[in-house]
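Chain residues, written in single-letter form:
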Amino acid sequence: MDRVSAFDEPLKKLLGGATAKVMAEHLDLHTVGDLLHHYPRRYEERGRLTALTDLPLDEHVTVVAQVADARVMAFNNGRGKRLEVTLTDGHGRLQLVFFGHGVHKPHKDLLPGRRAMFAGKVSVFNRKMQLAHPTYQLLDAESADEDGAAEAVDAFAGKLLPIYPACKQLDSWRIAKAVDAVLPSAQEAVDPLPPALREGRGFTALPEALVKIHRPQTKADVAAARDRLKWDEAFVLQVALARRRYADTQLPAVARRPVPDGMLDAFDGRLPFTLTDGQLKVSKEIFDDLATEHPMHRLLQGEVGSGKTLVALRAMLAVVDAGGQAAMLAPTEVLAQQHHRSITEMMGELAEGGMLGGSDRGTKVVLLTGSMGMAARRQALLDLVTGEAGIVIGTHALIEDKVKFHELGLVVVDEQHRFGVEQRDALRSKGKQPPHLLVMTATPIPRTVAMTVFGDLETSVLDQLPAGRSPIASHVVPAKDKPHFLSRAWERVREEVENGHQAYVVCPRIGDDEDEAAKKKGKKAADEEGDKHPPLAVLDTAEQLAKGPLSGLRIEVLHGRMHPDDKDDVMRRFAAGEVDVLVATTVIEVGVNVPNATAMVIMDADRFGVSQLHQLRGRVGRGSAPGLCLLVSEAHEASPARARLAAVAATLDGFELSRIDLEERREGDVLGQAQSGVRSSLRVLSVIDDEEVIAAAREEAVRVVAADPGLEHLPELRLVLDALLDKEREEYLDKG
């Protein structure tokens, strides 16, 4: 068997169809290699019991514990039976409950004093933690029976019991058994680390590391295996990114140097304030990149309101001065229109090039979106192809084949994480030579993630807020436990409006008929969380507020399914102060700028991610009056969801919150499922804790690629890279 094919062998050949199907559908494991890289989440020591006092609510857990007590209770006038088992770890207790016909076998097996592994979802009943109908595996040799408990004891003969990331359909110990079946293939692992690097850092051989991580004898085995496997992941990924950056330096681009006395100087002269040190520093980094003859690839990240748009506009003006055109790509029509409005306001007469009263140094700034009327669209396209318009702002309508530029020099992408990579690539291909690329995001990204997810982009950070931004107070409103808190929230909204300000109310759903599927999906998710209400909807909430706590106020709705003209009309009236309360979906999440809006109430806040809540909150406190953000939740006080909301309420530091967000998703795909469409390669590497490993791997990767860009002398590394960067992921990195 050749060296890669052992890892490519489909699991159904070795494990049987049913197990392989569950692994594919619920754990995304398809081949021998996938399963060998499905590492234990933690290890239990054979003689020790799991601490039962700090189990996470609503999560699927595996615990090793001892039976303290088991009793069958009758209910429903003796017609029903319930088996209640109490587990202990010597400190805490955990209740198990089995119903109906399911009580016989556990009643026979789970005798006081017995030890077993139990797997199930933690819930709360009568204020006690419990597992309902858990699966279990007995661990005492004397309790072995024909169901394979003897095998289980043999399989876990080592001191350390591996606990795998599992699912309801497949327990950790069944995964362990499947791993035993494929473990011999570990000997055929292809080692990607160059021998000099491996020996220099004293790493365990790869086959040995794979065996040690799955079947360690000691804790030292686990540590040695993890160190080695972390390095593999970090290094292979950094080599892929280093090759990407190297290839970019080989591409030609037109250098765009600022011209003295051009539009940029005229623009700077009209600014009513001075730029912050941060804005000047980042602008210099961008101008230095634009002056080179290969394309700039820069990520500009900055907190909400740190002035990214101003920095991007100065770069666009410099490119127009140097004879190029600049295109700004926004994720939604609302945002494109808003950017167009604010950029033309900032530029004043400079945005009226060729018009009466316009500046002789000006240029046309055009808007291009999918919903424009034919005549306006035709004129915009003409202005682009003739070069009359130096700046164009638009949605993905800019990418269509019909759109031709006179000379595209710079592409600015706003809120990059919302854009498919194909779209960015299509826009890039519109220049005669590849244009310079500036990617902006208001989602703060920790340095390690910038080095991995955006590792092919140079990074600039704007972390100073301009003078005049107000602080935002954030509070969690526990609607279920304390309904009077919610009543008080609506009173606060009224007070803000009475003081001449405006407010947002954000809901997770729209609430029309087309939304039924989403509602069902939300209900299913809610049911699984033990939370019975479907996600709140904009249309219902607006109606209830207008009739109830906010009656008499001017309330409007805004959501993604409205006609673009209606959306723009609502936003314009809200910005003009003609609307008191805007009830909206997350369409307001990025870029919406209404300085007079001071309060925001986020309904079902636990249904949003940490970074998303931070983005939403950034819509208030944009003027001189302080902002208020209320996070309404019906989640249980002890739930992870409430802990997440408390973290958001406790800090306004986006970088701190992005770390919390990452910790939440640490088993997810760091490279972003939505962006790459392929599975994660990061399994043991943590982008939170392993900053030093990632930084060191990046240095090694840069050295390796500089010496041998085609990896001609490192065939194993090239082989592993090709397997990891299957066609799709290679394209993802290509287009990044």
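Residues numbered from 1 in each chain as written. Predicted model: local features only at pLDDT ≥ 70, side-chain atom pairs only at ≥ 80, totals over all residues. Heavy atoms only, no water.

A description of the overall build of the protein should follow, citing residues and the corresponding values.
Regarding its fold elements, the protein presents 28 helices and 21 strands. Taking all 736 residues of the protein together, the buried fraction comes to 54%. Sequence-distant contacts in the protein: of pairs separated by 6 or more residues, those separated by 24 or more amount to 74%. (Helix = DSSP H or I, 4+ residues; strand = E, 2+ residues; numbered from the N terminus. Buried < 20%, exposed > 50% of the residue type's maximum accessible area, 1.4 Å probe, protein only. Contact = heavy atoms within 4.5 Å.)

Provide a residue-level description of the nonpolar core, including the pertinent values.
With 40 residues, the main nonpolar core has Met347, Ile391 and Leu410 as its most contacted residues. The leading source of residues in this core is helix H13 (residues 308-321), at 10 residues. Residues within four places of methionine 347 in sequence aside, it is in contact with Phe267, Arg270, Leu313, Leu317, Thr363, Val365 and Ile391. Core analysis: the second largest hydrophobic core is formed by 33 residues, Leu160, Ala189, Leu210 and Val222 among them. (Core = buried A, V, L, I, M, F, W, Y, C linked by side-chain atoms within 4.5 Å.)

Break down unusual backbone geometry for me, with residues and values.
For aspartate 28, which is not glycine, the phi dihedral falls at a positive 60 degrees. Here aspartate 28 lies in the loop between helix H3 (17-27) and helix H4 (32-36). Its relative accessible area of 29% is what places aspartate 28 among the partly exposed residues.

Describe in detail the sheet that holds strand E12 (residues 389-394), supporting the description with residues and values.
With parallel pairing, the 7 strands of this open sheet are ordered in space as E11-E12-E10-E13-E14-E9-E15. Here the strands that pair on one side only, and so sit at the sheet edges, are strand E11 (364-368) and strand E15 (458-462). Taken pair by pair, the neighbouring strands of this sheet meet at an average axis angle of 20 degrees, ignoring direction. Where strand E10 (residues 325-329) lies against E12, 4 bridges are found, and the strand directions are parallel. Bridge pairing in E12 links alanine 326 to isoleucine 391. Across the face of the sheet, helix H12 (residues 277-290) comes into contact with strand E9 (297-302), strand E13 (408-414), strand E14 (436-441) and E15 while running at roughly 160 degrees to E15. Here helix H14 (residues 333-347) sits on the sheet and contacts E10, E11, E12 and E13; the angle it forms with E11, its principal contact strand, is near 170 degrees. (Pairing = 2+ DSSP bridges. Axes fitted to C-alpha atoms, helices over the stretch in contact; angles between N-to-C directions.)

Lay out the pattern of salt bridges in plain terms, naming residues and giving numbers.
Enumeration according to the criterion identifies 34 salt bridges in this entry. For lysine 284, the salt bridge is made with aspartate 288, and the minimal N-O distance between the two is 2.7 Å. Placement of both lysine 284 and aspartate 288 in helix H12 is noted, with a separation of 4 residues, approximately one turn of the helix. Glutamate 543 is the partner of lysine 547 in a salt bridge, and the nearest nitrogen-oxygen pair spans 3.0 Å. Highlighted residues: lysine 547 and glutamate 543, both in helix H20 (residues 538-547), separated by 4 residues, approximately one helical turn. Judged by its relative accessible area of 64%, lysine 547 falls in the exposed class. (Salt bridge = Lys/Arg side-chain N within 4 Å of Asp/Glu carboxyl O.)

Talk me through the sheet that holds strand E19 (residues 581-584); I want residue IDs and the actual numbers.
Two pairing modes exist for strands in a sheet, parallel and antiparallel, and in both the strands are linked by backbone hydrogen bonds. Within the open sheet, the 6 strands sit side by side as E16-E21-E20-E17-E19-E18. Their pairing is parallel. The two strands at the open ends of the sheet, each matched to only one other strand, are strand E16 (472-478) and strand E18 (555-558). Across the sheet, the mean angle from the axis of one strand to that of its neighbour is 20 degrees, orientation sign disregarded. Contacts between helix H22 (residues 610-617) and the sheet are confined to E16, strand E17 (502-506), strand E20 (597-602) and strand E21 (627-633), with E20 contributing the most and set at about 150 degrees to the helix. Relative to the sheet, helix H23 (residues 640-650) contacts E16 and E21, its axis offset from that of E16 by approximately 160 degrees.

I'd like a rundown of the side chain of threonine 369, residues and numbers included.
Tracing the chain through its elements places threonine 369 in the loop between E11 and helix H15 (374-386). The class for threonine 369 is buried, based on a relative accessible area of 1%. Look past the residues within four positions of threonine 369 in its chain and what remains in contact with it is Glu333, Ala336, Arg377, Thr395 and Ala397.

Tell me about the packing of H13 against H14, and please be specific about residues and values.
Two elements in contact, H13 and H14, have axes separated by 11 Å at closest approach and are oriented at 65 degrees. By the angle between their directions, the pair H13 and H14 is classed as roughly perpendicular. Crossing hand, H13 versus H14: right-handed. Here H13 contributes Thr309, Leu310, Leu313 and Leu317 to the contact with H14, which in turn contributes His339, Ile343, Met346 and Met347. (Parallel < 35°, antiparallel > 145°, perpendicular 65-115°, else oblique. Left-handed = near helix turned anticlockwise from the far one by under 90°.)

Give a detailed account of the pairing of E20, specifying residues and quantitative values.
Where a strand is regular, its side chains alternate between the two sheet faces. In terms of burial, E20 is a largely internal element, 6 of the 6 residues being buried. In this structure, E17 lies alongside E20, joined through 5 bridges in parallel fashion. Bridge assignment links glutamine 502 to a residue of E20, and that residue is alanine 597. Inspection of the sheet shows E20 paired to E21 by 4 bridges, in the parallel sense. Across the sheet, methionine 600 pairs through a bridge with cysteine 629, a residue of E21. For the handedness criterion, the β-α-β arrangement of E20, H22 and E21 is classed as right-handed. (Right-handed = clockwise from strand over helix to strand, strands pointing away.)

For the side chain of aspartate 606, give the residues involved together with the corresponding values.
Inspection of the secondary structure assignment puts aspartate 606 in the loop between E20 and H22. As a buried residue without a salt bridge, aspartate 606 has its nearest oppositely charged side chain in arginine 607, at a separation of 4.8 Å. Once you skip the residues sitting within four places of it in the chain, aspartate 606 turns out to touch Val632, Ser633, Glu634, Ala635, Ala641, Arg644 and Leu645. (Lys, Arg positive; Asp, Glu negative; His and termini not counted.)

Describe the packing of H14 against helix H21 (residues 564-575), and please don't skip the residues or the numbers.
In helix packing, the relevant descriptors are the interaxial angle and the interaxial distance, both defined with respect to the helix axes. Contact geometry of H14 with H21 gives a least axis separation of 10 Å together with a crossing angle of 50 degrees. The orientation of H14 relative to H21 falls into the category oblique. The hand of the H14/H21 crossing is right-handed. Across the interface between the two elements, Glu333, Val334, Gln337, Gln338 and Arg341 of H14 pack against Pro564, Lys567, Asp568 and Met571 of H21.

Residue-level account of the packing of aromatic side chains, with values.
A full pass over the atoms with the stated rule returns 5 aromatic pairs. Geometrically, the ring pair formed by phenylalanine 98 and tyrosine 136 is edge-to-face, given 6.5 Å between the ring centres and 85 degrees between the ring planes. Pair noted here: phenylalanine 98 is in strand E4 (residues 93-99) and tyrosine 136 is in strand E7 (residues 135-138), with a separation of 38 residues, a long-range link. By relative accessible area, phenylalanine 98 is classed as buried at 2%. Residue tyrosine 136 is classed as buried on the basis of its relative accessible area of 17%. Where phenylalanine 118 meets tyrosine 136, the ring centres are 6.2 Å apart and the plane angle is 40 degrees; that geometry is what we call tilted. In this pair, phenylalanine 118 sits in strand E5 (residues 115-125) while tyrosine 136 sits in strand E7, placing the two residues 18 residues apart along the sequence. Assigned by exposure class, phenylalanine 118 and tyrosine 136 land together as buried. Three or more aromatic residues joined by ring pairs form one cluster here, namely Phe98, Phe118 and Tyr136. (Phe/Tyr/Trp six-rings, centres within 6.5 Å; stacked < 30°, edge-to-face > 60°.)

Let's hear about the environment of aspartate 8: which residues, and what values?
Structurally, aspartate 8 can be placed in helix H1 (residues 5-8). Distance from aspartate 8 to aspartate 34, taken between C-alpha atoms, is 8.5 Å for residues 26 residues apart in sequence.

Which residues make up the environment of arginine 201, and what are the values?
Along the chain, arginine 201 falls in the loop between helix H8 (195-200) and helix H9 (206-214). Classification of arginine 201 as partly exposed rests on a relative accessible area of 39%. Taking the C-alpha atoms as reference, arginine 201 lies 9.5 Å from arginine 228; in sequence the two are 27 residues apart. Apart from residues no more than four positions distant in its own chain, arginine 201 is found in contact with Trp231, Ala696 and Glu700.

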